[in-house]
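Examining the three-dimensional arrangement
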Amino acid sequence: MLELRDVSRSLGRDKLLNRVSLQFAPNTPTAVLGLSAPAREAFLRLLSGVDKPQSGSINLGGKDIAHARREKGNIIRIGPGGVKPSGQRVRKLIGADAAGRVGLSGRMDAALSDLDPAQRVRLAIAMAREDQPALILLDSPGLELGLEPRLELLPQLQPMLAQLPSVVLLAGAPDEALGLAGQVVVLSAGQVAQSAPAQQVFLHPASLAVADRIVRMDSGRL
């Protein structure tokens, strides 16, 4: 389990987190909504153990996140572009079963540089599945996609990420959270404004602040 206990962290003059306590349940993928791109990056650095909170603690599997990070392969972060392009072939990185799970069966002999951004995200997820880390962190997987590949990829996030211990997606847009189809945490002014299953959050926002955060994704605000 990934757990934040009374965590505070500032980003410039604004509060990214203000004495926030959260539990990310195992086997329940969670999307975090309401953060600008700089705030998502700052939050990801906290969750991956790269940066320390100004107060409070972050634990993964009962260990301080900084210690958990030192265990090789324990935390995997997937950026918007997925795996970096190169001349390496897909089959050198994943097996046929893993490729089938993420929709890459027909691309086993392709070089990574020949994959489009959506396919590189799929490959990154497949590689993470094979490594079986304790925590997978995704940063806005639809950010670099055009409309058609975005509409194809995002609804498939849930099956691709099913049965993994802990998955946290820092969403840059509402459709990413809906595609994950798990728990949604909405942050506003450094506080948890709502935490509930995705459909509940989108159909029944707990407040005007939550509705505003859903509408104003990637507005540059915290």
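Below or above, wherever it landed, is the structure these notes cover. Keep in mind that what you see is a predicted model, and the values were worked out from it rather than measured.

1. Some details on the pattern of salt bridges
Scanning the model with the defined rule gives nine salt bridges in all. In this structure, the salt-bridge partner of Lys63 is Glu71, at a minimum N-O distance of 2.3 Å. Across the pair Asp175 and Arg150 runs a salt bridge whose closest N-O atoms are separated by 2.7 Å. Residue Asp175 is found in helix 7 (residues 174-180), and its partner Arg150 is found in helix 5 (residues 147-153); the two are separated by 25 residues along the sequence. Judged by relative accessible area, Arg150 falls into the buried class, the value being 15%. A network of salt bridges, in which partner residues are shared, links Arg150, Asp175 and Glu176.

2. Observations regarding helix 9 (residues 208-215)
Of the residues making up helix 9, those classed as buried are Val210, Arg213 and Ile214. Viewed along the axis of helix 9, the buried residues span an arc of 100°, placing them on a single side of the element. Residues of helix 9 that are exposed and angled more than 90 degrees away from the buried face: Leu208 and Val215. Along its buried surface, helix 9 packs onto helix 7, strand 9 (183-188), strand 10 (191-197) and helix 8 (198-203).

3. Comments concerning the layout of surface pockets
Roughly 160 Å³ of volume is contained in the largest pocket. Residues that form the lining of the largest pocket fall into these classes: seven nonpolar, two polar and two charged.

4. Describing the nonpolar core
Ranked by internal contacts, the top residues of the largest apolar core, which has 43 residues, are Ile78, Leu123, Ile125, Leu138, Leu161 and Val184. Here this core gets seven residues from one element, more than from any other, and that element is helix 4 (residues 117-131). If you look at the next biggest cluster of nonpolar residues, it comprises 27 residues, including Val20, Ala42, Ile65 and Leu137.

5. Considerations on the sheet that holds strand 3 (residues 30-33)
If you trace the six strands from one edge of the open sheet to the other, you get 6-7-8-3-9-10, paired in mixed fashion. Among the strands making up the open sheet, the edge pair consists of strand 6 (75-78) and strand 10. Adjacent strand axes in the sheet meet at a mean angle of 20°, parallel and antiparallel pairs treated alike. By the bridge criterion, four bridges tie strand 7 (residues 135-139) to strand 8 (residues 167-170) in an arrangement that is parallel.

Reading the values: rules and limits
Residues numbered from 1 in each chain as written. Predicted model: local features only at pLDDT ≥ 70, side-chain atom pairs only at ≥ 80, totals over all residues. Heavy atoms only, no water. Salt bridge = Lys/Arg side-chain N within 4 Å of Asp/Glu carboxyl O. Helix = DSSP H or I, 4+ residues; strand = E, 2+ residues; numbered from the N terminus. Buried < 20%, exposed > 50% of the residue type's maximum accessible area, 1.4 Å probe, protein only. Arc of directions from axis to C-beta. Contact = heavy atoms within 4.5 Å. 1 Å grid on protein atoms, 1.4 Å probe; cavity = no way out; pocket = protein on both sides within 12 Å on 5 of 7 lines; lining within 4 Å. Points joined across faces, edges and corners; volume = space filled by probe spheres on them. Nonpolar A, V, L, I, M, F, W, Y, C, P; charged D, E, K, R; others polar. Core = buried A, V, L, I, M, F, W, Y, C linked by side-chain atoms within 4.5 Å. Pairing = 2+ DSSP bridges. Axes fitted to C-alpha atoms, helices over the stretch in contact; angles between N-to-C directions.

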